[in-house]
Amino acid sequence: YNDLGVCYDRLGRKERQREALQKAVSVNERCIPALVNLAHMDVVDHKLPEADLLLKKAVTADPTNVDALSLQAEVDFKQGLYDLAIAAAHRVHGLPHEHFAIVHYTAASALLQENRIPDAIAELQVFLQEEPNGPRADAVRKAMETLEQQPQ
């Protein structure tokens, strides 16, 4: 059912996608891919409390799932829960992962909200270690330059 939901997503049939993903969760309440995919849908629909609940279930089922943790960091940030966003990003960093450098950008954004500029710069440096090339890396370099020019 999760795979069916992914297919419906590719076809742009969001209602059917949600139905298939909900069916996957009803069959197996610990179906982490379906929980994460439903949470993604809720983030897009600006239903952050619903996404948060789904992600908490996914992380409870598998505390090492980097997909769930990285999305949890984003949801926490969007809800203004900056310390939780930073903690989730650090949990991702402590796990084997590829293609999740973005969590360091999320952590840096949360740190900036707390006016912790040196810590934010450190997170951006970790981002660049994990993703040294590409358009996101270029944007992070520019953001770092701006932050480094600010008075501490």
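Values in this document were obtained by computation on a predicted structure and should not be read as measured data.

The phi angle at H46 is positive, at roughly 60 degrees, despite the residue not being glycine. A relative accessible area of 69% places H46 in the exposed class.

With respect to the element layout, D52 can be found in helix α4 (residues 48–61). On the basis of relative accessibility, which here comes to 13%, the residue D52 falls in the buried class. In this structure the C-alpha to C-alpha distance between D52 and D76, which are 24 residues apart in sequence, comes to 7.7 Å. Once you skip the residues sitting within four places of it in the chain, D52 turns out to touch Q72, V75, D76 and Q79. Side-chain polar atoms of D52 contact the side chain of Q72, separated by 2.6 Å.

With that out of the way, let us pick up a nonpolar patch on the surface. A surface patch of nonpolar side chains, about 310 Å² in accessible area, is lined by Y1, L4 and V27. Note that Y1 resides in the segment before α1 (2–10).

The next subject is the environment of I86. Looking at the element boundaries, I86 is found in helix α6 (residues 82–93). With 20 residues separating them along the chain, I86 and T106 place their C-alpha atoms 7.6 Å apart. I86 has contacts with A107, A110, L111, E114 and R116, leaving out every residue within four places of it along the chain.

With that settled, the discussion passes to the pattern of salt bridges. With the rule as written, the count across this model stands at 10 salt bridges. With a closest N to O distance of 3.3 Å, R16 and E19 form a salt bridge. In this pair, R16 and E19 are both assigned in helix α2 (residues 14–27), 3 residues apart and thus about one turn of the helix distant. Shared partners join several salt bridges into a network, and the residues in it are R18, D42 and D45.

It is worth spelling out the nonpolar core at this point. As a rule of thumb, soluble globular proteins bury nonpolar side chains together. Counting residues in hydrophobic clusters, the biggest one holds 30 residues, and the most contacted among them are V36, L55 and L71. Listed by contribution, the elements that provide at least two residues to this core are α2, α3 (32–44), α4, α5 (66–78), α6 and α7 (102–113). Counting residues per element, this core draws most heavily on α3, at 8 residues. Beyond its immediate chain neighbours, meaning those up to four positions away, L55 contacts V36, A39, A68, L71, Q72 and V75. Counting 16 residues, the second largest nonpolar core, distinct from the first, contains A85, A101, A137 and V140.

Each value, and the rule that gives it
- Here, residues in each chain are numbered from 1, in the same order as that chain's written sequence.
- A pLDDT threshold of at least 70 governs which residues receive local features in this predicted model, and a stricter bar of 80 or more applies before side-chain atom pairs are shown or counted, although totals over entire chains, interfaces and linings include all residues.
- Think of the side-chain values as coming from all heavy atoms in the structure, minus any hydrogens and water.
- Relative accessibility thresholds used throughout: buried, under 20% of the residue-type maximum; exposed, over 50%; partly exposed, between the two (1.4 Å probe, protein chains only).
- Secondary structure elements follow DSSP: runs of H or I no shorter than four residues count as helices, runs of E no shorter than two count as strands, and numbering proceeds from the N terminus.
- Any two residues having at least one pair of non-hydrogen atoms within 4.5 Å are treated as being in contact.
- Polar contact is defined as a pair of N or O atoms within 3.5 Å, subject to the rule that within protein one atom must be able to donate a hydrogen and the other to accept it, and that residues adjacent in sequence are counted only when both atoms are side-chain atoms.
- To count toward a patch, a residue needs a relative accessible area above 30% and no salt bridge. Like charges then connect within 9 Å, nonpolar side chains (Val, Leu, Ile, Met, Phe, Trp, Tyr) within 5 Å.
- Every accessible area reported is derived by Shrake-Rupley at a probe size of 1.4 Å, with residue values counting cover from the shown protein chains alone.
- By definition here, a salt bridge exists when the distance from a side-chain nitrogen of Lys or Arg to a carboxyl oxygen of Asp or Glu is within 4 Å.
- To qualify as a nonpolar core, a set must consist of buried Ala, Val, Leu, Ile, Met, Phe, Trp, Tyr and Cys residues joined through side-chain atoms within 4.5 Å.

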